[in-house]
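# Results of the structural survey
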Amino acid sequence: MTLIEEATELLERMPRKNQQAAVDFLRMMSYSVKPNDNIKPSQPDGKFRRTGKSNFNLPSDFDEHFDDINDEITSLFSCE
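Residues numbered from 1 in each chain as written. Predicted model: local features only at pLDDT ≥ 70, side-chain atom pairs only at ≥ 80, totals over all residues. Heavy atoms only, no water.

### Observations concerning the overall build of the protein chain
Scanning the protein chain from N- to C-terminus turns up four helices and zero strands. Element order for the protein chain, N to C, with α for helix and β for strand: α-α-α-α. For the protein chain, the proportion of its 80 residues judged to be buried stands at 4%. When the accessible surface of the protein chain is summed, it comes to about 8,100 Å², and 55% of that surface belongs to carbon and sulfur atoms. (Helix = DSSP H or I, 4+ residues; strand = E, 2+ residues; numbered from the N terminus. Buried < 20%, exposed > 50% of the residue type's maximum accessible area, 1.4 Å probe, protein only. Areas by Shrake-Rupley, 256 points an atom, 1.4 Å probe, with all protein chains shown as cover.)

Here it is in structure tokens:
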């Protein structure tokens with residue numbers, strides 16, 4: 001099975017909402033890979049805007065303890 005066939009099979013089994021999210025993600029990835037493509041982002045001004053942008057303050061020792069949360073982050077993505 002090729003990657004395209006596998007992706008098609010997975011997409012066909014997803015609810016419509018998830019299909020749209022997957023397609024949006026692929027579009028976003030294609031813009032970052034080929035910035036000079038003729039396909040334009042959905043923003044009227046043509047600029048890519050990241051989501052989740054926010055102003056927040058990190059603790060002064062954040063860099064020293066960043067790796068301590070690896071297990072917690074991994075658990076967020078586990079399928080178990």
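### Some thoughts on the confidence of the model for the protein chain
When pLDDT is averaged across the protein chain, the result is 76; 69% of the residues are at 70 or more. Looking over the protein chain, one finds the lowest element-wise mean pLDDT in helix α3 (residues 62–65), namely 78, and the highest in helix α1 (residues 3–13), namely 92. (pLDDT = per-residue confidence, 0-100.)

### Quick notes on a nonpolar patch on the surface
Among the surface-exposed residues, Phe66, Ile69, Ile73, Leu76 and Phe77 lie close enough to one another that they form a single nonpolar patch of about 510 Å² accessible area. Locating Ile73 in the fold gives a position in helix α4 (residues 70–77). Given a relative accessible area of 32%, Ile73 falls into the partly exposed group. (Patch = residues over 30% accessible without salt bridge, like charges linked within 9 Å, V, L, I, M, F, W, Y side chains within 5 Å. Salt bridge = Lys/Arg side-chain N within 4 Å of Asp/Glu carboxyl O.)

### Comments concerning the pattern of salt bridges
All chains considered together, the criterion is met by two salt bridges. Linking Glu9 and Arg13 is a salt bridge whose minimum nitrogen-to-oxygen distance equals 2.9 Å. With Glu9 and Arg13 both in helix α1 and four residues apart, the pair spans about one turn of that helix. For Asp24, the salt bridge is made with Arg27, and the minimal N-O distance between the two is 3.5 Å. With Asp24 and Arg27 both in helix α2 (residues 16–33) and three residues apart, this pair spans about one turn of that helix. Exposure remark for Asp24: the relative accessible area of 39% places this residue in the partly exposed category.

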